[in-house]
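Here is how the chains run, residue by residue.
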Amino acid sequence: MKEANMAVPVSIGALLQSDFLEDAAYRDDGLCVVGIFGKSNMQPGPLKESLINTLADKHIFSLFGGPQDGGTADSHIQAFYNQENRVLYLVLSSVCDSRQLLQACQSLSAGTGHSDSHDFWKGLDRQHCLHLLYMFSVCHVLLLVHPNQTFDVTYDRLFRALDALRQKVLPLIRAAIKDCPVSKEWKVNCRPCPPRLLFVFQMNGTLKVSANGSESGGNPDKPKKHSPRRRLQHALEDQIYRIFRKSRVLTNQSSNCLFTVPANQAFVYVIPTADEDPVGALLGQLRSNCILCDQDSTTSVSGPRRYQQMRRSARQSSCSGDSGSMSMGAQLVDCSLKEFLWQHVELVLTKKGFDDSVGRNPQPSHFELPTYSKWVQVASRLHQVLISNTDEEIAELASKVQSQLKVLEGFLDADTKFSENRCQKALPLAHSAYQSNLPHNYTTTVHKNQLAQALRVYSQHARGVAFQRYALQLHEDCYKFWSNGHQLCEERSLTDQHCVHKFHLLPQPGEKPDMDRNPPILNHNSRGRSTSSCNCGRKQAPREDPFDIQAANYDFYQMLEEKCCGKLERIEFPVFQPSTPDPAPACNQAQRLPSEASGSGEAERLKEPSTAQSHTPGDTSLSLALSLGQSTDSLGPYADGDGTDTQVQQKRPSLVDRQPSTVEYLPGMMHSGCPKGLLPKFSSWSLVKLGPAKSYNCHTGLEQPGFLPGSSFLLPWDLVIRSRSEEDTGLTEPLDGGTSSWPAPNKTLVGKRGSTGGLGRSRRRDDMARAFVGFEYEDSRGRRFISSGPDKIVKVLGPGGAKDPATRVLNTDMPLYIPSPSQGRGLKPHYAQLARLFIVVPDAPLEVTLNPQVQPGPPPCPVFHPEQTDLVLPPDGLWVLRFPYSYAADRGTCYPPKENQPLNNYKVLRGILRATTANPPPQ
């Protein structure tokens, strides 16, 4: 860079990277570095840049707009080298200046949060501190510029923070400049000398000086020795020195301080107020130019040079009139800004240095006046470490310097410190609110409710930028408390009750429960017990609340079968027969039936496996389901139906189309949405024969335990037997109770006289057969009864058995759950569930076909059925169809209804029994 380019200011980065060649006459001379920093107000022109123009007596810095050299955004230090006077000026701009503050505000987006905005501003503060530390490390003299005549006490905290930061990064700076060609003292102290700090204040309009230099309202005959401005400077010096001594920013030994102030020289300068009358100022300048023109009438200079000479003379006269004129009497002369600064610069250029140590044994401080080339080498290394961070060789040092910036938080970030103290006091209150009225073990719902209460208490007391950070800590603390021995197992039983154990694992096959393990190994237990009957209904036993479908529909009845109905004749339902030692469950993405695929859109989105199936005793997965979106409806995934039942009446395709698989099994129960050719590993249904048809006495009813008095009687079902000569022999008899279900005229009934059929005595008695049907309901306390309709219970008070015909219950959808006739004392209703279907098939040429279809919930809940449909019951038998205790598919469990859910969505579809006339064998 040529010398001509130094007529304009450049950024410090551009200055250090340039190959500026000094004049040979000044090459070996020393260099004084003057730094200028501070604040500015909303005045039209920047105060700091205008000072350089005044000191250099040149228009160097533009009073409006940005830097003229287009300096980089990461460097806020502008440099101007006055080679003739051997002074290098460094001007630091920051967010304390109105121009930089406006740019910072424009860079913030509208949606920035409070915490992010605070981090943004504090990041700018840390950047400003690094620039200041750089200035204090390379300058001899520093000017602190303030836009009014009041000292800003926040500088005390700023200088203490800078001193602490300097002590932290001093070893890193030493390592950076260890190879620079400077003295040992400079390398040890990392600066050419303890910089002298001077203060420049801008006087506002509150202080007025009269024309004669005396105070307004004073005695004009007795003028003061010093002008008001000088007395203000002395007062500010005393105030600043006292503040910095109290806070230990200034000590007796200047070499240990961040900066020094002179003991016997002025270090405060107040710039007088500009004339508030611009018209008067222009007239005065014009008048002075005219007077100058009259006095220098012999001068032959003309043109622009004459105008510049007139302006220079006018400035000098104005300066002398403002600050250099002798007031009336013996008042001392007020010096100019250049004279104020130059008395300190002269000490540097003459290599006398600063002797600012005080006390009884003052220690001399080091001082060095470098040449321009030496100063550039040191300043460049420090610029790489503290500001630019672009040199790969010292990138590690620069990263370590950045890590030491945490020391600034305690000094500069008072908002964060207050906020942290406030939030730390609010945390114990929030913890107490979370732990109040808590059981020892509790579920996710309770945890979330208590956490919301804790957050409400926390938000009442916590304030500031640390609010979000400590709120997250509150979340973590509450979760740790919950998961550390207070977490309840959240597995729900098939009756929609939670397990009462704390977080635990399920035992593997053959493994015993172990309470001492962490987490313990236990089976699920909801402490819910009920009483149920066996497959045939002759024996009752208590049962635990089941958590998987096998325990609910198979294991309990297998245990009772060994004691009661193991030797009874039965019809076995087909189950999965494996051909490999390790069969696998069928994939959930298997083929669906068109009836389900065309159903509700909600059904297509329910893809989670059943929680009951995922926690069988052989499963080693964790028993706690932490999914926040887990359904709490009584129907699980099937509770999102739209209330329509258009899909449930379609007939399920027969499994004869495909042979059952011997490799894959159905993980749930058989229902209308199952893929073809898959069978479960066990059957949830049971069909046993209690005995011949005569084993049921219609006068005494079923002689089994648990039945309510008078409710154990089956309903008579009269069936017409067609004669052999009729053409429609073998056709299905309708069971809807219409006229076609009655015998033709002149036909007699089979059975006793005066039977329920109500036919005349003149008809033949071998054309009618009587069967008996009973829908048995059982509640959780083992109380049983037969229902004669959707809302009616069989109640026989006298002899003769039940009078209501079975056609009513067979031609309608029977409810799966009905309110129990014996409710408890609590407010929660008790429901009785359809448990068994009793069928007495007479010894007659009839074919009674069994086809049960159960829909345990609103659509899109599928229709469940046994593994074999359209079963023909052999004649002369008392058959018992045991319904499943719980219903679960491969996509979820169908829970029992809650008290606020309608019961008509839980039903057994009509058409469960169908009777036809059997063709007798040929004679």
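Rules used in this analysis
Residues numbered from 1 in each chain as written. Predicted model: local features only at pLDDT ≥ 70, side-chain atom pairs only at ≥ 80, totals over all residues. Heavy atoms only, no water. UniProt positions renumbered as here; feature names shortened; annotations may be inferred. Helix = DSSP H or I, 4+ residues; strand = E, 2+ residues; numbered from the N terminus. Buried < 20%, exposed > 50% of the residue type's maximum accessible area, 1.4 Å probe, protein only. Areas by Shrake-Rupley, 256 points an atom, 1.4 Å probe, with all protein chains shown as cover. Axes fitted to C-alpha atoms, helices over the stretch in contact; angles between N-to-C directions. Parallel < 35°, antiparallel > 145°, perpendicular 65-115°, else oblique. Left-handed = near helix turned anticlockwise from the far one by under 90°. Contact = heavy atoms within 4.5 Å. Nonpolar A, V, L, I, M, F, W, Y, C, P; charged D, E, K, R; others polar. Pairing = 2+ DSSP bridges. Phe/Tyr/Trp six-rings, centres within 6.5 Å; stacked < 30°, edge-to-face > 60°. 1 Å grid on protein atoms, 1.4 Å probe; cavity = no way out; pocket = protein on both sides within 12 Å on 5 of 7 lines; lining within 4 Å. Points joined across faces, edges and corners; volume = space filled by probe spheres on them. Patch = residues over 30% accessible without salt bridge, like charges linked within 9 Å, V, L, I, M, F, W, Y side chains within 5 Å. Salt bridge = Lys/Arg side-chain N within 4 Å of Asp/Glu carboxyl O. Expected span 1.5 Å × (residues − 1). Arc of directions from axis to C-beta. Core = buried A, V, L, I, M, F, W, Y, C linked by side-chain atoms within 4.5 Å.

Under an unreviewed UniProt entry, the protein chain has the name Nonsense-mediated mRNA decay factor SMG8 and belongs to Seriola lalandi dorsalis. Within the UniProt record for the protein chain, the comment given under Sequence similarities (unreviewed entry) is "Belongs to the SMG8 family."

### So, the overall build of the protein chain
When you go through the protein chain residue by residue, the secondary structure sums to 20 helices and 28 strands. Counting across all 923 residues of the protein chain, residues that qualify as buried make up 46%. Summing over all exposed atoms, the protein chain offers an accessible surface of approximately 45,900 Å²; the carbon and sulfur share of this is 51%.

### Overview of the packing of helix α4 (residues 114-138) against helix α11 (residues 372-388)
Contact geometry for α4 and α11: axes closest at 10 Å, N-to-C directions at 160°. By the angle between their axes, α4 is roughly antiparallel relative to α11. The hand of the α4/α11 crossing is right-handed. Contact residues: α4 offers L130, H131, L133, Y134, S137 and V138, while α11 offers W375, A379, L382, H383, L386 and I387. For the contact of α4 with α11, the class distribution of residues is nine nonpolar, three polar and no charged.

### Regarding the sheet that holds strand β2 (residues 32-38)
The strand order β1-β3-β4-β2-β5-β6-β7 describes an open sheet built from seven strands, whose pairing is mixed. The open sheet has two free edges, formed respectively by β1 (10-11) and β7 (268-271), since each of these has just one partner strand. Where β2 lies against strand β5 (residues 141-146), five bridges are found, and the strand directions are parallel. Within the sheet, the bridge partner assigned to G35 lies in β5 and is L142. Sheet strands in contact with helix α2 (residues 47-56) are β2, β3 (77-82), β4 (87-92), β5, β6 (196-202) and β7, and its direction is about 165° off that of β4. Across the sheet, helix α10 (residues 337-349) lies against β2, β4, β5, β6 and β7, angled at about 175° from β6, the strand it touches most.

### Side note on the packing of aromatic side chains
Inspection of every chain in the model, using the stated rule, returns 30 aromatic pairs. Seen in terms of ring centroids, F80 and Y89 are 6.4 Å apart; in terms of plane orientation they differ by 15°. Their pairing is stacked. The class of Y89 is buried, set by a relative accessible area of 0%. Taking the centre distance of 5.8 Å and the plane angle of 15° together, the rings of Y777 and F785 count as stacked. Here the two residues Y777 and F785 agree in accessibility, since each one is buried.

### So, the layout of surface pockets
The volume enclosed by the second largest pocket comes to roughly 960 Å³. Lining the second largest pocket are 36 residues, and of these T495, Q497, S780, Y831 and P896 lie nearest its centre. If you list the elements that add at least two residues to the lining of the second largest pocket, you get β8 (529-533) and β20 (831-841). At five residues, the largest contribution of residues to the lining of the second largest pocket is made by β20. The residue inventory of the lining of the second largest pocket, partitioned by class, reads 14 nonpolar, eleven polar and eleven charged.

### Digging into a nonpolar patch on the surface
On the surface, V279, L283 and L286 cluster together to form a nonpolar patch covering roughly 290 Å² of accessible area. Within the secondary structure layout, L283 lies in helix α8 (residues 278-295).

### Side note on α2
Most of α2 is tucked away: eight of the ten residues are buried. Turning to α2, its buried residues number three or more, namely L47, K48, E49, L51, I52, N53, L55 and A56. Backbone geometry just downstream of α2 places D57 in the positive-phi region, at approximately 55°.

### A look at the sheet that holds strand β22 (residues 854-856)
In a beta sheet, neighbouring strands are held together by backbone hydrogen bonds and run either parallel or antiparallel to one another. Pairing is antiparallel across the open sheet formed by three strands, whose spatial order is β18-β27-β22. Looking at which strands have only one partner, the edges of the open sheet turn out to be β18 (814-815) and β22.

### Examining unusual backbone geometry
Among all residues except glycine, the phi angle is most often negative; among peptide bonds, the trans geometry is most common. The omega angle of the peptide bond from P859 to P860 is 15°, so this bond is cis rather than trans. Topologically, P860 is positioned in the loop between β22 and β23 (871-873). Even without glycine at this site, K351 takes up a positive phi of about 60°. One can find K351 in the loop between α10 and α11. A relative accessible area of 60% means that K351 is categorised as exposed. Unusually for a residue other than glycine, D870 sits at a positive phi of about 55°. If you trace the backbone, D870 turns up in the loop between β22 and β23. Overall, the relative accessible area of 34% leaves D870 in the partly exposed class.

### With respect to the packing of helix α3 (residues 98-107) against α4
For the pair α3 and α4, interaxial distance at closest approach is 11 Å and the crossing angle is 145°. Seen from above, α3 lies across α4 with right-handed handedness. Residues L101, A104, C105 and S107 of α3 form the contact with α4, whose participating residues are F120, W121 and L124. When the residues that make up the contact of α3 with α4 are grouped by side-chain class, the tally is six nonpolar, one polar and no charged.

### What about the side chain of S712?
Among the secondary structure elements, S712 is positioned in the loop between β13 (686-691) and β14 (715-720). Assessed through its relative accessible area of 9%, S712 is described here as buried. Those residues in contact with S712, other than ones at most four positions away along the chain, are T700, G701, L702, F707 and I786.

### What about helix α16 (residues 467-483)?
Here α16 is 17 residues long and its end C-alpha atoms lie 24 Å apart, about the 24 Å a rise of 1.5 Å per residue gives. The set of residues buried in α16 consists of Y470, A471, L474, C478 and W482. In a view along the axis of α16, the buried residues occupy a sector of 120°, so they form one face of it. Against the buried residues of α16 lie α14 (414-435) and α15 (444-461). Once α16 ends, the next one or two residues include G485, with phi positive near 90°.

### Focus on the environment of A452
When you line up the elements, A452 lands in helix α15. A452 gets classed as partly exposed once you look at its relative accessible area, which sits at 32%. Here the alpha-carbon distance between A452 and Y434, two residues 18 residues apart in the chain, equals 8.3 Å.

### Re the nonpolar core
Core analysis: the largest hydrophobic core is formed by 104 residues, its most contacted members being F37, L90, Y134, F159, F199, F259 and W375. Among the elements that make up this core, the one with the highest residue count is helix α5 (residues 154-176) (eleven residues). If near-sequence neighbours (up to four positions away) are discounted, F37 is found in contact with K48, L92, L132, F136, L142, L143, L144, V145, Y155, F159 and L197. Core analysis: the next-biggest nonpolar cluster, separate from the first, contains 79 residues, M669, L837, W879 and A915 among them.

### Things to note about the pattern of salt bridges
Per the stated rule, a full pass over the model turns up 19 salt bridges. Here D152 ties to K39 by a salt bridge, and the two come within 2.4 Å at their closest N and O atoms. Placement of D152 in the loop between β5 and α5 and of K39 in the loop between β2 and α2 is noted, with a sequence separation of 113 residues between them. Among the residues examined, K39 registers a relative accessible area of 22% and is labelled partly exposed. A salt bridge links R784 to E776; the nearest nitrogen and oxygen atoms lie 2.7 Å apart. Connected through salt bridges with shared partners, the residues E776, E778, R784 and R836 form a single ionic network.

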